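# Per-entry structural report
Each chain, written out:
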Amino acid sequence: MSPPVRLLSLATASPPHELPQDTVTEAARAVFGPRMPIFERLAPVFANAGIRTRQSVMPMDWYLQPRGWPERTEAYLAGGVALFAEAAEAALAEAGLRGADVDAIVTVSSTGIATPSLEARAMDRMGFRSDAMRVPVFGLGCAGGATGLSLAARLAAAQPGAVVLFVTLELCTLAFRLDGLDKADIVATALFGDGAAACVLRAGEDGFAEVAGQAEHTWPDTLDIMGWRVDPQGLGVIFAQAIPPFARRELRPAMDAMLAAQDLAVADVDRFVCHPGGVKVIEALEASLDLGQGALDAEREVLADHGNMSAPTVLFVLDRARRRGLPRRSVLTALGPGFTASTVTLLAA
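What counts, and at which threshold
Residues numbered from 1 in each chain as written. Predicted model: local features only at pLDDT ≥ 70, side-chain atom pairs only at ≥ 80, totals over all residues. Heavy atoms only, no water. 1 Å grid on protein atoms, 1.4 Å probe; cavity = no way out; pocket = protein on both sides within 12 Å on 5 of 7 lines; lining within 4 Å. Points joined across faces, edges and corners; volume = space filled by probe spheres on them. Helix = DSSP H or I, 4+ residues; strand = E, 2+ residues; numbered from the N terminus. Domains from an automatic or database assignment. Buried area = accessible area lost by both parts, 1.4 Å probe. Salt bridge = Lys/Arg side-chain N within 4 Å of Asp/Glu carboxyl O. Core = buried A, V, L, I, M, F, W, Y, C linked by side-chain atoms within 4.5 Å. Buried < 20%, exposed > 50% of the residue type's maximum accessible area, 1.4 Å probe, protein only. Contact = heavy atoms within 4.5 Å. Nonpolar A, V, L, I, M, F, W, Y, C, P; charged D, E, K, R; others polar. Pairing = 2+ DSSP bridges. Phe/Tyr/Trp six-rings, centres within 6.5 Å; stacked < 30°, edge-to-face > 60°. Expected span 1.5 Å × (residues − 1).

So, on to the layout of surface pockets. Put simply, the largest pocket is a space of about 850 Å³. Those elements giving two or more residues to the lining of the largest pocket turn out to be helix H2 (39-42), helix H3 (44-48), helix H8 (183-191), helix H9 (243-260), helix H10 (279-288) and strand E12 (329-336). Lining the lining of the largest pocket are residues from two domains, each supplying at least three of them: domain 1 (5-203) and domain 2 (209-348). A volume near 210 Å³ is recorded for the second largest pocket. What lines the second largest pocket is a set of 16 residues, among which Ser110, Gly141, Gly227, Trp228 and Pro337 lie closest to the centre. The set of elements that each furnish at least two residues to the lining of the second largest pocket consists of strand E9 (226-231) and strand E10 (234-239).

Dropping the structure here:
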């Protein structure tokens, strides 16, 4: 029997520029207010988002000037490689490993285009071997933290003893748009932050948690719920349907089915570790999964301190949860474009 895949380490990284929510609110009012008659009606989203501050790869002033694809891409490549390396170095150090020990690298990011991909650009700095497997993944959005972890675990299971490094990073603030004058753009400006997270996985006996199962559910006819629009200025967010009521209504049946395939039920899960897409999403998750209001405390804290960083956010939550002591069985879960729910079942060591 093959040894179980375990998480040896987990690290997070944030860029250096702070975006206090009250400062962002006033900047948005100055930029959008004169051109957007409904701005004041939408402005409460900043105060009600549950966010105190966020971090960004560029300083505030950078976002107040018109930017196109070349400038956004330059910022994505420079900031992305730096955050990739910071998170990866910290995860490897916690595991007592170096870049040369890594056999496979899974990189998940959907907020910019990098060809060659980010792990290739970081190879010299990280000291990765020339024969290391590179698996860059684009398009998973907010579900990328869970789906990427699942993919990394499957690679580790396929080659017992191999060291698999999983890095997910998103620079969501690069999608802030001065030309965007609809509700989705205002919501994005109120929610998004930048961040990265990294894990080291290996099939063996060490580690703080075992990956005991994975599952995904994609709902039919839901392509329009969430995604990117692409135009000459860059990427722009799509929120075509209200996500909280969808999650409240649809997540539980999907979760029941995903857990049943592992001979589990919601009652068997000691802790759900959820991607906090926003305060209303957190409330919808608590209601749908019968967790009780306030159960997702670490989720609210991460949202307040970092905003919605898309894919890495759920791993920021996992990091807080494990530092407080993971219960026996946790289920990491995130919702993302597709529209898809992705889960990873973890057993604490």
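With that out of the way, let us pick up the domain arrangement of the protein. Accessible area lost upon the coming together of the parts serves often as the stated size of an interface. Partitioning the protein into structural domains gives domain 1 (5-203) and domain 2 (209-348). Averaged C-alpha coordinates put domain 1 and domain 2 at centres separated by 17 Å. In terms of surface lost to domain 2, no three residues of domain 1 exceed Trp69, Cys142 and Arg177, which account for 17% of the buried area on that side. Joining domain 1 to domain 2, the criterion identifies four salt bridges. Residues Asp231 and Arg177 are paired through a salt bridge, measuring 2.8 Å at the closest nitrogen-oxygen approach.

Ranked by internal contacts, the top residues of the largest apolar core, which has 86 residues, are Phe84, Leu165, Leu174 and Phe272. A per-element tally of this core places helix H4 (residues 69-95) first, with 10 residues. Each of domain 1 (5-203) and domain 2 (209-348) gives at least three residues to this core. Sequence-distant contacts of Leu174, defined by excluding residues within four places in its chain, comprise Val57, Met58, Trp62, Tyr63, Arg72, Ala75 and Tyr76. In this structure, Leu10, Phe166, Cys199 and Ala321 belong to the second largest nonpolar core, which totals 37 residues.

A full pass over the atoms with the stated rule returns two cavities of 30 Å³ or more. Approximately 150 Å³ is the volume attributed to the largest cavity. The wall of the largest cavity is formed by 13 residues, among which Ala27, Tyr63, Leu64, Phe176 and Thr189 lie closest to the centre. Ranked by residue count, the leading element in the lining of the largest cavity is helix H1 (residues 21-32), at five residues. Looking at the lining of the largest cavity, its residues break down into 11 nonpolar, one polar and one charged. Put simply, the second largest cavity is a space of about 100 Å³. If you trace the second largest cavity, you find 13 residues lining it, with Arg72, Thr111, Gly112, Leu174 and Leu235 closest to the centre. Top element by residues in the lining of the second largest cavity is H4. It accounts for four residues.

Direction of pairing for strand E1 (residues 5-13) relative to strand E8 (residues 209-218): antiparallel, over a ladder of two bridges. Within E8, the residue paired with Arg6 across the bridge is Glu210. Here E8 pairs with strand E13 (residues 340-348) via nine bridges, running antiparallel. Note that in E13 the partner of Glu216 across the bridge is Ser342.

The tally for this structure, following the rule as stated, stands at seven aromatic pairs. The interplanar angle of 85° and the centroid separation of 5.4 Å between the aromatic rings of Phe246 and Phe339 together place this pair among those described as edge-to-face. Of this pair, Phe246 sits in helix H9 while Phe339 sits in the loop between E12 and E13, and the two are 93 residues apart along the sequence. Taking the relative accessible area as the measure of exposure, Phe339 reaches 0% and is therefore buried. Each member of the aromatic cluster is reached from another via a ring pair, and the members are Trp62, Tyr63 and Phe176.

This paragraph deals with the pattern of salt bridges. Considering all chains together, one arrives at 25 salt bridges under this definition. Its salt-bridge partner being Arg29, residue Glu40 comes within 2.8 Å of it at the nearest N-O pair. Of this pair, Glu40 sits in helix H2 while Arg29 sits in helix H1, and the two are 11 residues apart along the sequence. Between Arg320 and Asp305 there is a salt bridge, and its shortest N-O distance comes to 2.7 Å. Placement of the pair is Arg320 in helix H12 (residues 313-324) and Asp305 in helix H11 (residues 297-306), with a sequence separation of 15 residues. Residues joined by salt bridges that share partners form a network here, namely Arg52, Arg271, Asp297, Glu299, Glu301, Asp305, Arg320 and Arg324.

Turning our attention to H1. Across its 12 residues, H1 extends 16 Å between first and last C-alpha, which sits within 8% of the 16 Å expected from 1.5 Å per residue. Listed as buried for H1 are Gln21, Val24, Thr25, Ala27, Ala28 and Phe32.

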